[in-house]
Amino acid sequence: MSEAKTTGYEYGPGYPTPGYGATLGERLRTYQGQTVTLYVGEEFTEVTGVLHNVGANYVEVHRPGAAGVLEAVLIPMQYISSVVAPISGAPKHP
């Protein structure tokens, strides 16, 4: 029987224990349908909207555009500098 690999850290309720080899795309798929903020490129341009789809090398974010028209923003995965996403069920910090 093989032993499950762990990172050696204990994560609290609501924090999934990351496995070895989890890619950005795999992690982002857990946030599909939720509002996320992506920081893109070296300028850290902020893109906030609902994460609609995660492809092999891109993400699709839907956000309200000019005159309230919904627009789709396709971002190549290699240009994502940082991601801010909600953690459901996580304990509130004082």
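### Structural notes on the overall build of the protein
Then, number 1: A tally of helices and strands in the protein yields one helix and five strands.
Then, number 2: Traced from its N-terminal end to its C-terminal end, the protein shows the element sequence α-β-β-β-β-β.
Then, number 3: Taken over 94 residues, the protein has a buried fraction of 22%.

### Focus on the side chain of T37
Then, number 1: Of note, T37 is situated in strand 1 (residues 35-40).
Then, number 2: Among the polar contacts made by the side chain of T37, one reaches the side chain of T48 at a distance of 3.1 Å.
Then, number 3: If we ignore the near neighbours within four places in the chain, the residues touching T37 are E46, V47, T48, S82, V83 and V84.

### Here's the deal with the nonpolar core
Considering soluble globular proteins, one finds that nonpolar side chains tend to be buried as a cluster.
Then, number 1: Of all hydrophobic cores here, the largest spans 14 residues; its most connected members are L28, L38, L51, V59 and I75.
Then, number 2: Elements that contribute at least two residues to this core include exactly strand 1, strand 2 (45-54), strand 3 (58-64) and strand 4 (70-76).
Then, number 3: With residues near it in sequence (within four places) discarded, L38 still touches T45, E46, V47, V59, V61, I75, S82 and V83.

### Some words on the pattern of salt bridges
One side chain can pair with another of opposite charge once the charged atoms of both are near each other.
Then, number 1: With the rule as written, the count across this model stands at one salt bridge.
Then, number 2: One salt bridge in this structure joins E71 and R63, with 2.7 Å as the shortest N-O distance.
Then, number 3: The exposure class of E71 is partly exposed, given its relative accessible area of 30%.

### Topic: the pairing of strand 1
Then, number 1: In the sheet, strand 1 pairs with strand 2 via six bridges, with the strands oriented antiparallel. Looking at the pairing, V36 lines up with G49 of strand 2.
Then, number 2: Counted along the chain from strand 1 to the antiparallel partner strand 2, the turn is four residues long, and its residue G41 has a positive phi close to 75°.
Then, number 3: Across four bridges, the pairing between strand 1 and strand 5 (residues 80-84) is antiparallel. Note on strand 5: the bridge partner recorded for V40 is I80.

### Observations regarding the sheet that holds strand 3
Then, number 1: Pairing in this open sheet of five strands is antiparallel, and the strands run 4-3-2-1-5 from one edge to the other. For this open sheet the edge positions go to strand 4 and strand 5, each flanked by a neighbour on one side alone. The average undirected angle you get between the axes of adjacent strands in this sheet is 45°.
Then, number 2: Taken together, the seven bridges between strand 3 and strand 4 define a ladder with antiparallel strand orientation. Following the sheet pairing, R63 is matched in strand 4 by E71.

Reading guide: rules and limits
- Residues numbered from 1 in each chain as written.
- Predicted model: local features only at pLDDT ≥ 70, side-chain atom pairs only at ≥ 80, totals over all residues.
- Heavy atoms only, no water.
- Helix = DSSP H or I, 4+ residues; strand = E, 2+ residues; numbered from the N terminus.
- Buried < 20%, exposed > 50% of the residue type's maximum accessible area, 1.4 Å probe, protein only.
- Polar contact = N/O pair within 3.5 Å; in protein donor to acceptor, adjacent residues only side chain to side chain.
- Contact = heavy atoms within 4.5 Å.
- Core = buried A, V, L, I, M, F, W, Y, C linked by side-chain atoms within 4.5 Å.
- Salt bridge = Lys/Arg side-chain N within 4 Å of Asp/Glu carboxyl O.
- Pairing = 2+ DSSP bridges.
- Axes fitted to C-alpha atoms, helices over the stretch in contact; angles between N-to-C directions.

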